[in-house]
Amino acid sequence: HFEEDAVPAPGLFSSASADFWLWDFLFAGDGPKSFAFRTAGATGNGTAVLSVHLKGGSNTTAPADHHVIIRVNGTEVAQTTFDGLDEKTVTVDVSGSLLVDGDNALEVEAVLDPGVDYSFVYLDAIDVAYESSYRADANRATVNSAANAAILIDGFTSSGIVVFDVTDPAQP
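Residues numbered from 1 in each chain as written. Predicted model: local features only at pLDDT ≥ 70, side-chain atom pairs only at ≥ 80, totals over all residues. Heavy atoms only, no water.

## Things to note about the sheet that holds strand 5 (residues 47–56)
Note the cut-off: Paired strands are those between which DSSP finds at least two bridges. Only DSSP runs of H or I covering at least 4 residues are called helices, and only runs of E covering at least 2 are called strands; the numbering of each starts at the N terminus. Axis geometry follows a simple rule: fit a line to the C-alpha atoms, using only the stretch in contact for helices, then measure angles between N-to-C directions, giving values from 0 to 180 degrees.
In spatial order, the strands read 3-10-5-8; together these four strands make up an open sheet with antiparallel pairing. This sheet does not close on itself; its edge strands, each paired only once, are strand 3 (24–27) and strand 8 (87–95). Going from strand to strand, the sheet's axes swing by 30° on average, the running direction of each strand aside. Direction of pairing for strand 3 relative to strand 10 (residues 120–129): antiparallel, over a ladder of four bridges. Across the sheet, the residue bridging to L26 is V121, located in strand 10.

## Some thoughts on the nonpolar core
For the record, the criterion: For the purposes of this section, nonpolar cores are sets of buried Ala, Val, Leu, Ile, Met, Phe, Trp, Tyr and Cys residues that join through side-chain atoms within 4.5 Å. Relative accessibility thresholds used throughout: buried, under 20% of the residue-type maximum; exposed, over 50%; partly exposed, between the two (1.4 Å probe, protein chains only). In this description, contact between two residues means that some pair of their heavy atoms is separated by no more than 4.5 Å.
Counting residues in hydrophobic clusters, the biggest one holds 27 residues, and the most contacted among them are L50, L54, I70, V77 and L106. Leaving out residues up to four positions away in the same chain, L54 has contacts with V68, T80, F82, D86, E87, K88, V90, V108, V121, Y122 and L123. Counting six residues, the second largest nonpolar core, distinct from the first, contains V7, A9, F13 and Y122.

## A short note on the environment of D86
Relative to the assigned elements, D86 resides in the loop between strand 7 (75–82) and strand 8. For D86 and A42, which are 44 residues apart along the polypeptide, the C-alpha to C-alpha distance reads 33 Å. When residues no more than four places from it in sequence are discounted, the contact partners of D86 are L54, K55 and G56.

Shape is all these values report; function is a separate question.
What follows is the structure, encoded as structure tokens:
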């Protein structure tokens, strides 16, 4: 999960308890913005699942206020349209070969469609699930054992390792 709480937007949410912090905004027609995310240990194999969480920031009389193009490392992987102040999660299967082991770039572009006077869209968060080797990144590893009785995690530079089993998050 990748998220930065950089832009407060409480006026866009109807619930006082909503998480009104968003990552960044896009104004249609201003071109794409790039957001970094890490896929430590990405093997480049299989299918990755990418979810991009968006929030509408403007509401016009057009039937669909927002048109967004999503790219991963320069390759277009999805387009979506949505309306008004709606929240929109775009989930798409992408080739694991699009991801590199390390830093990747998610590019989000808001496009101004005919009949839409203006469009203002927020990026809230990114989620990505991908095939990876069991390897620590900056001396940390979050892994799913996938029902394996034992796994080997490479890449630690310190012997002071602590392991938590969070199968039951209430009792780690």
